[in-house]
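Each chain, letter by letter, is given below.
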Amino acid sequence: MKIAVSAKGNTMESDMDQRFGRAASFIIVDAQTMEYEAIDNTSAASSGGAGISAAQLVAEKDAEAVITGNVGPNAMNVLKAANIAIYKGAAVSVKENVEQFNKGTLEKIQTNVPAHFGMGGKE
Amino acid sequence: MKIAVLSGKGGTGKTTVSASLAASIGHCQYIDCDVEEPNGALFLNPQITDASPVNVLVPYVDEQRCDGCGACAKACRFNAIAVVKGKVLIFPEVCHHCGACVIACPKDAITEVEREIGVVEADSESSFLQGRLNIGEPITIPIIHQLKRLTRDDVPVVMDCSPGASCTVVQTIDGCDYCILVTEPTPFGLHDLKIAVSLVRKMDIPFGVVINKAMPEDQSIQTYCKQESIVVLMEIPYMREIAESYSNGMLPVQMNEDLRNRFVQLYDSIKEGAAS
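Residues numbered from 1 in each chain as written. Chains lettered and ligands numbered in written order. Predicted model: local features only at pLDDT ≥ 70, side-chain atom pairs only at ≥ 80, totals over all residues.

(A) Summary view of the interface of chain A and chain B. Every contact between the two is made by 16 residues of chain A and, on the other side, 11 residues of chain B. Elements that contribute at least two residues to the side of chain A that touches chain B include exactly α1 (50-60) and α2 (73-81) of chain A. The greatest single-element share of the side of chain A that touches chain B, amounting to 6 residues, is contributed by α1 of chain A. Classifying every residue of the side of chain A that touches chain B by side-chain character gives 7 nonpolar, 9 polar and no charged. (Contact = placed C-beta atoms within 7 Å. Helix = DSSP H or I, 4+ residues; strand = E, 2+ residues; numbered from the N terminus. Nonpolar A, V, L, I, M, F, W, Y, C, P; charged D, E, K, R; others polar.)

(B) Representation of the sheet that holds strand β8 (residues 157-160) of chain B. Residues and elements named next belong to chain B. The 9 strands are arranged β3-β6-β7-β2-β8-β1-β9-β10-β11 in an open sheet whose pairing can be described as mixed. A single partner strand is all that each edge strand has here, and the edge strands are β3 (48-61) and β11 (232-237). On average, each strand axis in the sheet is tilted by 20° relative to the strand beside it, whichever way the strands run. Sheet topology places strand β1 (residues 2-6) next to β8; 4 bridges connect them, and they run parallel. (Pairing = 2+ DSSP bridges. Axes fitted to C-alpha atoms, helices over the stretch in contact; angles between N-to-C directions.)

(C) Unusual backbone geometry, seen in detail. Residue and element names in this part refer to chain B. Its identity is not glycine, yet N45 carries a phi of approximately 45°, on the positive side. Along the chain, N45 falls in the loop between α2 (41-44) and β3. The phi dihedral of N79 falls on the positive side, at around 55°, and the residue is not glycine. Note on placement: N79 falls in the loop between α3 (71-75) and β4 (81-84).

In structure tokens, the structure reads:
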């Protein structure tokens, strides 16, 4: 199963980014083998619609689940349409989050945060 | 003669100055371009008789024709379209109405449909105009464009801008003959005045400064204007009675003879400034 984790860097040791649309990058991890690929989030700095574009990006990578902190309303709609489950990660490394996912301890996110929640210096 | 009133910082007194100026000129057109929260009507008390909606064009997908190729989402510079699992998702409030998706679609599956984002209201003589953006809408420009199409050429025009120095203000002051920059003697007032000055200089529009809430003990704005050779058109003193009358929907020119005369003089100095 392929999982996309929002991240502040481009390795398994990078911290998870609490923001989805404006995360620095996404680590696409195979949850069984822990093989991964890092992709830059090209929409992180866009003036608007970052969440929409980021959700499109992880959908194109055939991710079946996302681990992140918070998801805005637009990104939520795209992820739902793509049938991608969303899990609430912790402010630890990508690797630790995937390990927790495998243990089944991560909670599913069903509700989004308000638009622009992750802007304005909030972590 | 088109005069725009802007400030950079919010709350310095754009509406006080623009509505007072309009009231002092008399036969003129006042346009409230602060479309996110127009409030000039509170002081000028117009009888609104006309209201016309402002519409924009947003994409609509014919699912029969669409094959889910994703060309529309790639063409969109504003991330207003996503295509996942062969299905097109459109986010109309993110759309900037450029029509690139229509051109990009190889199946001619996208057409444009109208969506209302706000309204333009006027009195019967069009001496008062205001734009009003619907709550939650992020894009003001189409409303400013519609207001500017209704600008009169036969009388002086006073435009009350929105705060800041971004797109809405740029669109409003574009084509104006003169800009009044309203500021106050505070660090924020000075900081944002400098931004407004760099904007009007870049757009090459003649301008002058009105210092609102002026206090003799703080000369920070005067000192800056002197250094930059900027004309200070008027100082409105920091007075409790101005604030009191404002809170009752009264303009300073309606309660103080001296201030009324000075606003008439302000218009004369603007005419000179715009001509030179």
